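In case you want the letters, here they are:
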Amino acid sequence: MKTSRRTRTADKTARICRTRTAQQPSRIRRGRRWIARRRSALISSTLRGAAYATGAGIVSLGFYLIQQQI
């Protein structure tokens, strides 16, 4: 009986099994992992917030200048 190439290769390679340790990762490491997973969402929401703040600042400056003219 002929075995497939995939099966022969899988039989020869050693499997590496990681065991979970009882120690939890530190708070900083968990924070870094969280940021790495959500980096694009954080960047887009930061840019959106900056755009809203800039727009609000420009509008309020315009109203202030109009008020000074009156």
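Residues numbered from 1 in each chain as written. Predicted model: local features only at pLDDT ≥ 70, side-chain atom pairs only at ≥ 80, totals over all residues. Heavy atoms only, no water.

Caption draft 1: Layout of the overall build of the chain. In terms of helices and strands, the chain carries 3 helices and 0 strands. In the chain, the succession of α and β elements from N to C terminus is α-α-α. Within the chain, buried positions represent 0% of all 70 residues. (Helix = DSSP H or I, 4+ residues; strand = E, 2+ residues; numbered from the N terminus. Buried < 20%, exposed > 50% of the residue type's maximum accessible area, 1.4 Å probe, protein only.)

Caption draft 2: Focus on a positive patch on the surface. Taken together, the side chains of Arg29, Arg32, Arg33, Arg37 and Arg38 present a region of like positive charge at the surface. Positionally, arginine 38 belongs in the loop between α2 (27-37) and α3 (39-69). (Patch = residues over 30% accessible without salt bridge, like charges linked within 9 Å, V, L, I, M, F, W, Y side chains within 5 Å. Areas by Shrake-Rupley, 256 points an atom, 1.4 Å probe, with all protein chains shown as cover. Salt bridge = Lys/Arg side-chain N within 4 Å of Asp/Glu carboxyl O. Lys, Arg positive; Asp, Glu negative; His and termini not counted. Charge placed at Lys NZ, Arg CZ, Asp CG, Glu CD.)

Caption draft 3: Focus on a nonpolar patch on the surface. Taken together, Val59, Phe63, Ile66 and Ile70 make up a surface patch of nonpolar side chains, about 490 Å² in accessible area. Residue placement: valine 59 occurs in helix α3. Residue classification places valine 59 among the partly exposed residues on the basis of a relative accessible area of 46%.

Caption draft 4: Highlighting the confidence of the model for the chain. Considering every residue of the chain, the mean pLDDT works out to 82; 69% of them sit at 70 or more. Between the elements of the chain, mean pLDDT differs from a low of 58, seen in helix α1 (residues 5-12), to a high of 95, seen in α3. (pLDDT = per-residue confidence, 0-100.)

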